[in-house]
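These are the residues of each chain, in order.
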Amino acid sequence: MSAAAEGRLADRPLLSVEDLRVTFRTPQGPARVVNGVNFEVHQGETLAVVGESGSGKSVSVMSLTGLVPQPPARVSGRVDFAGTELIGAGKGTLRRLRGPGIGMVFQDPMSSLNPVLTVERQLTEGIREHLGLGRRAARERAVELLDKVGIPDPRGRLDAYPHQLSGGMRQRVMIAIALACEPRLLIADEATTALDVTIQAQIVELLAELQSELGMAMIWITHDLGVVAGIADRVLIMYAGRVVEEGTVDEIFDSPQHPYTRGLLGSLPAAHSVGDSDLQVIPGLPPDPTALPPGCAFWPRCSVRGDPRCESEVPPLRPAGSGTHRVATFYEEDR
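Each chain carries its own residue numbering, running from 1 in the written order of its sequence. Reporting of local features is limited, given that this is a predicted model, to residues whose pLDDT is at least 70; pairs of side-chain atoms are given and counted only at 80 or more, and all residues count toward the totals for whole chains, interfaces and linings. Where side-chain values are given, they derive from all heavy atoms of the structure, hydrogens and water being excluded.

Asker: If you had to explain the overall build of the chain to someone new, which residues and values would you point to?
Answerer: Only DSSP runs of H or I reaching four residues or more are called helices, and only runs of E reaching two or more are called strands; each is numbered from the N terminus. Tallying secondary structure elements over the chain gives twelve helices and twelve strands in all. Relative to the 2.2 N^0.38 estimate, which gives 20 Å for 335 residues, the radius of gyration of the chain is 21 Å and therefore close to what a compact globule would have. Here the chain holds 335 residues, and the buried ones make up 47% of them. In what follows, a contact means two residues having at least one pair of non-hydrogen atoms within 4.5 Å. Summarising the internal contacts of the chain: among those between residues at least 6 apart in sequence, 63% fall at separations of at least 24. Of the accessible surface of the chain, which amounts to about 16200 Å², a share of 51% is contributed by carbon and sulfur atoms. For this measure, only C-alpha atoms enter the radius of gyration; the expected value for a globule follows 2.2 Å times N^0.38, where N is the number of residues. The cut-offs for exposure are 20% and 50% of the maximum accessible area for each residue type, with area from a 1.4 Å probe on protein chains only; residues under the lower value are buried, those over the upper are exposed, and the others partly exposed. A 1.4 Å probe and the Shrake-Rupley method give the accessible areas. Residues count as covered only by the protein chains that appear here.

Asker: Tell me about the environment of Q28, and name the residues and values.
Answerer: Here Q28 lies in the loop between β1 (15-24) and β2 (31-41). You can call Q28 exposed: its relative accessible area is 62%. As a C-alpha pair, Q28 and T329 span 301 residues in sequence and 29 Å in three-dimensional space.

Asker: So what about unusual backbone geometry? Which residues, and what values?
Answerer: The general pattern is negative phi for most residues beyond glycine and trans for most peptide bonds. The omega torsion across Q70 and P71 is -10°, close enough to zero to call that bond cis. Mapping P71 onto the fold places it in the loop between α2 (57-62) and β4 (73-81). P72 follows P71 through a cis peptide bond whose omega is 10°. Position of P72 relative to the elements: it lies in the loop between α2 and β4. The phi dihedral of E182 is positive, around 50°, even though this residue is not glycine. With respect to the secondary-structure elements, E182 resides in the loop between α8 (167-179) and β7 (185-189). For A240, which is not glycine, the phi torsion reads 50° and is therefore positive. Relative to the assigned elements, A240 resides in the loop between β9 (234-239) and β10 (242-248). Its relative accessible area of 11% is what places A240 among the buried residues.

Asker: Lay out helix α5 (residues 119-131) in plain terms, naming residues and giving numbers.
Answerer: In this scheme, a helix's expected span is set at 1.5 Å multiplied by one less than its residue total. Across its 13 residues, α5 extends 18 Å between first and last C-alpha, which sits within 8% of the 18 Å expected from 1.5 Å per residue. Of the surrounding secondary structure, the elements contacted by the buried residues of α5 are α6 (135-148), α7 (154-157) and α8. Positive phi appears at G132, one or two residues downstream of α5, with a value of about 70°.

Asker: Can you break down the packing of aromatic side chains residue by residue, with the values?
Answerer: Under the pairing criterion, centres of Phe, Tyr and Trp rings, with the six-membered ring standing for Trp, must be within 6.5 Å; the plane angle then separates stacked pairs below 30 degrees from edge-to-face pairs above 60, leaving the rest tilted. Scanning the model with the defined rule gives three aromatic pairs in all. Taken together, the aromatic side chains of Y239, Y260 and F298 make up a single cluster linked through ring pairs.

Asker: I'd like to hear about the sheet that holds β1, residue by residue, with values.
Answerer: Across a sheet, paired strands are connected by hydrogen bonds in the backbone, their directions being either parallel or antiparallel. When DSSP finds two or more bridges between two strands, those strands count as paired. As summarised here, the arrangement of the four strands in space is β2-β1-β4-β5, forming an open sheet in which the pairing is antiparallel. Strand pairing shows two members of the sheet lacking a second neighbour, β2 and β5 (84-85), which therefore form its edges. Note: β1 against β4, eight bridges, orientation antiparallel. When the bridges of β4 are listed, E18 appears paired with R78.

Asker: Can you break down the side chain of E245 residue by residue, with the values?
Answerer: When you line up the elements, E245 lands in strand β10. His is not counted here, nor are the chain ends, while Lys and Arg score as positive and Asp and Glu score as negative. Criterion for a salt bridge: a side-chain nitrogen of Lys or Arg within 4 Å of a carboxyl oxygen of Asp or Glu. An unpaired buried charge is present at E245: no salt bridge exists, and R262, the closest side chain of opposite charge, is 6.8 Å distant. Definition of a polar contact: a pair of N or O atoms within 3.5 Å, with one able to donate and the other able to accept a hydrogen when the atoms are protein atoms, and with sequence-neighbouring residues admitted only if both atoms are side-chain atoms. Looking at E245, its side chain comes within polar contact range of the main-chain nitrogen of H258, at 2.9 Å.

Asker: Describe in detail the packing of α8 against helix α9 (residues 197-214), supporting the description with residues and values.
Answerer: As a rule, the C-alpha atoms of each element are fitted with a line to give its axis, helices using only the stretch in contact, and angles between N-to-C directions run from 0 to 180 degrees. Contact geometry of α8 with α9 gives a least axis separation of 11 Å together with a crossing angle of 20°. For the element pair α8 / α9, the angle class is roughly parallel. As for the relative orientation of α8 and α9, their crossing is right-handed in sense. Touching G168, Q171, R172, I175 and L179 of α8 are I199, Q202, I203, L206, L207, L210 and L214, all from α9. Under the scheme applied, nonpolar residues are Ala, Val, Leu, Ile, Met, Phe, Trp, Tyr, Cys and Pro; charged residues are Asp, Glu, Lys and Arg; polar residues are all the others, including Gly. Its residues assigned to classes, the contact of α8 with α9 shows eight nonpolar, three polar and one charged. For classification purposes, an angle smaller than 35 degrees is called roughly parallel, one larger than 145 roughly antiparallel, one from 65 to 115 roughly perpendicular, and anything else oblique. It is the rotation of the near helix from the far one that decides the hand of a crossing: anticlockwise by less than a right angle makes it left-handed, clockwise makes it right-handed.

Asker: Requested: an account of α9, with residues and values cited.
Answerer: The terminal C-alpha atoms of α9 lie 26 Å apart, and with 18 residues this matches the ideal 26 Å at 1.5 Å per residue to within 8%. As for α9, its buried residues are in contact with β3 (46-50), α6, α8, β7, β8 (217-222) and α10 (225-228). A positive phi of about 70° marks G215, the residue just after α9.

By themselves, these observations are geometric and do not establish any function.
Dropping the structure here:
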């Protein structure tokens, strides 16, 4: 293979998403939850997808692996994962990809883990199916995984049930299950939301270490920009099913361009000096996906609206300075 060909392959994203759209059938009419989302993830990279509840961030990522039921949802677009098209792929193809291709860590381990199965049973099921190991070898692999994610007495914990573990330990078991087949891409959906602050920091640090060790890519779905700063390479800010800003962590934190991004950053306590209680508040609520406004979906809540196009036109993503920074707004900060 030529050096030029190797370079092209190295630049090829592990995951490429183009014009992803997800619409749900509801009694009130079609709910347009995801509206033309585009992004890429490269091997070894961490992409954070950030937004309020209802922004479409979780549905966007869950739809990639067939975890959004169709119907009532209708999913369209193009999603290429390591050369395999996922939109419209059969159940067998998706089942083979989950595990060695894509691993998942969900928000609430108590509801994600089966309460009537032991840790060993839940850990070894995927190992035996995807890696073809026998019972004894799968059990030893499970012990290794529990040790890797920092669970004390890993062999003794195999016989435990989820209710016998703390919230932090349950989340570590979920991470062990997701990493059992060493996936190329790990998706963490609000993986620290249900945990206290100290455990959150431990989980973030653990995932960063495991990513470095395994060389996997990661998509981190969260509403907390404070978590993003310590783990992500690039950030997508989503609102009403669209990407309104994207860039590197430094670009988003040092030079936020969209009024919504500025609002999210302004609501972080860490962004204010000690004793300053005047946190920024974004007025109003996100729009109903069955009745999205015709123009910029953030316009009714925007503090800097003024361009007449805001009410009637959807602003496209455009370059915002140098690098990969892009923003979807008609408002431009004076420079």
